[in-house]
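As a plain string of letters, each chain reads:
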Amino acid sequence: MAERLVILSDLWGPRKGLWITSYLGYLQQYFDITYHDTSQLADLDLSHPTAQALTAAFADGGSKRAVKNLLSKETRPAHYLTFCAGGTVVWKAIKEGLPVKSLYAISPMNLHREADGPDCPSKILYGEYMEDKPSQKWAARTGTAIEVIPRFGREMYSDEKVIQKVCQELLEESLRKQYQGL
């Protein structure tokens, strides 16, 4: 039986690019996948979507609504793959009891403001040019593995090289766990 993998999008969800289909294409044959659009979880007004408007609405109550809605939808343990705001939502939901086996977050927003890390194996991927990425000191204090990818910014998760890297790491970890269970 395939492991559960819950994917949370960035604030754009499927509205900006088709990059998410690449992740799904690589991973769907190995995982039982559930996908959540973070802007829908946050109940954001999408009538005039701009990066500034979405980010402001997410900070002004949207994040809390997304955490609450995710907690009501996801009650079984799962692995999580998240993008941008989706990583922030899962990080906060873990502290409120979300059952998480592991977290792989790419470009999560504002984690440098968090005091402690989640109680699960976690890996955070940031682009070199992201301004609000946490320091290695923060990573050590929170017990979080951070990898910084050179020459990338916040939306690096839409690049095919990053997509292949992330999917390969997720698949290798899944296969490693399967072989340990034999």
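Up top is the structure.
Quick caveat, the model's predicted, so the values are computed rather than measured. (Residues numbered from 1 in each chain as written. Predicted model: local features only at pLDDT ≥ 70, side-chain atom pairs only at ≥ 80, totals over all residues. Heavy atoms only, no water.)

Engineer: Which parts of the structure should I look at to understand the overall build of the protein?
Structural biologist: For the protein, the count of helices and strands is six helices and six strands. Secondary structure of the protein in N-to-C order comes out as β-α-β-α-α-β-α-β-β-α-β-α. Computed over its C-alpha atoms, the radius of gyration of the protein comes to 15 Å, within 12% of the 16 Å expected for a compact globule of 182 residues. In terms of overall dimensions, the protein has C-alpha extents of about 50 × 35 × 35 Å along its principal axes. Out of the 182 residues in the protein, the part that is buried amounts to 46%. For the protein, contacts bridging at least 24 residues in sequence account for 58% of all contacts bridging at least 6. Here the protein has roughly 9400 Å² of accessible surface; of this, 51% comes from carbon and sulfur atoms. Charged side chains in the protein number 22 positive and 22 negative. The centres of these two groups are separated by 3 Å. (Helix = DSSP H or I, 4+ residues; strand = E, 2+ residues; numbered from the N terminus. Rg over C-alpha atoms; globule rule 2.2 N^0.38 Å. Buried < 20%, exposed > 50% of the residue type's maximum accessible area, 1.4 Å probe, protein only. Contact = heavy atoms within 4.5 Å. Areas by Shrake-Rupley, 256 points an atom, 1.4 Å probe, with all protein chains shown as cover. Lys, Arg positive; Asp, Glu negative; His and termini not counted. Charge placed at Lys NZ, Arg CZ, Asp CG, Glu CD.)

Engineer: Which parts of the structure should I look at to understand the pattern of salt bridges?
Structural biologist: Any two side chains of opposite charge can pair if their charged atoms end up close together. Counted under the stated rule, the structure contains 12 salt bridges. Several salt bridges converge on common partners, so that one network encompasses K92, K95, E114 and D116. (Salt bridge = Lys/Arg side-chain N within 4 Å of Asp/Glu carboxyl O.)

Engineer: Whenever I open this one, the sheet that holds strand β1 (residues 3-8) confuses me. Can you help?
Structural biologist: Paired through their backbone hydrogen bonds, the strands of a sheet run either parallel or antiparallel. Read across the sheet, six strands follow the order β2-β1-β3-β4-β5-β6 without closing on themselves; strand pairing throughout is parallel. Single-partner strands in this sheet number two, and they are β2 (31-36) and β6 (145-149). Looking at each pair of strands side by side, their axes are set apart by 15 degrees on average, direction ignored. Pairing analysis gives four bridges linking strand β4 (residues 100-106) to strand β5 (residues 122-127), with the strands arranged parallel. Residue Y104 lies in a different strand from β5, and its bridge partner there is K123. Helix α1 (residues 19-27) contacts β1, β2, β3 (78-83) and β4 of the sheet and is inclined by roughly 155 degrees relative to β3. Helix α4 (residues 85-95) rests against β1, β3, β4 and β5 of the sheet, and its axis sits at about 140 degrees to β3. (Pairing = 2+ DSSP bridges. Axes fitted to C-alpha atoms, helices over the stretch in contact; angles between N-to-C directions.)

Engineer: Just to check I follow, could you spell out the nonpolar core for this structure?
Structural biologist: Nonpolar side chains in soluble globular proteins tend to be buried together. Ranked by size, the top nonpolar core spans 55 residues in total, and within it Y23, Y80, L81, F83, V90, I106 and V166 carry the most contacts. Setting aside chain neighbours within four positions, we find F83 in contact with I7, L8, S9, D10, W19, I20, Y23, I106 and Y157. (Core = buried A, V, L, I, M, F, W, Y, C linked by side-chain atoms within 4.5 Å.)

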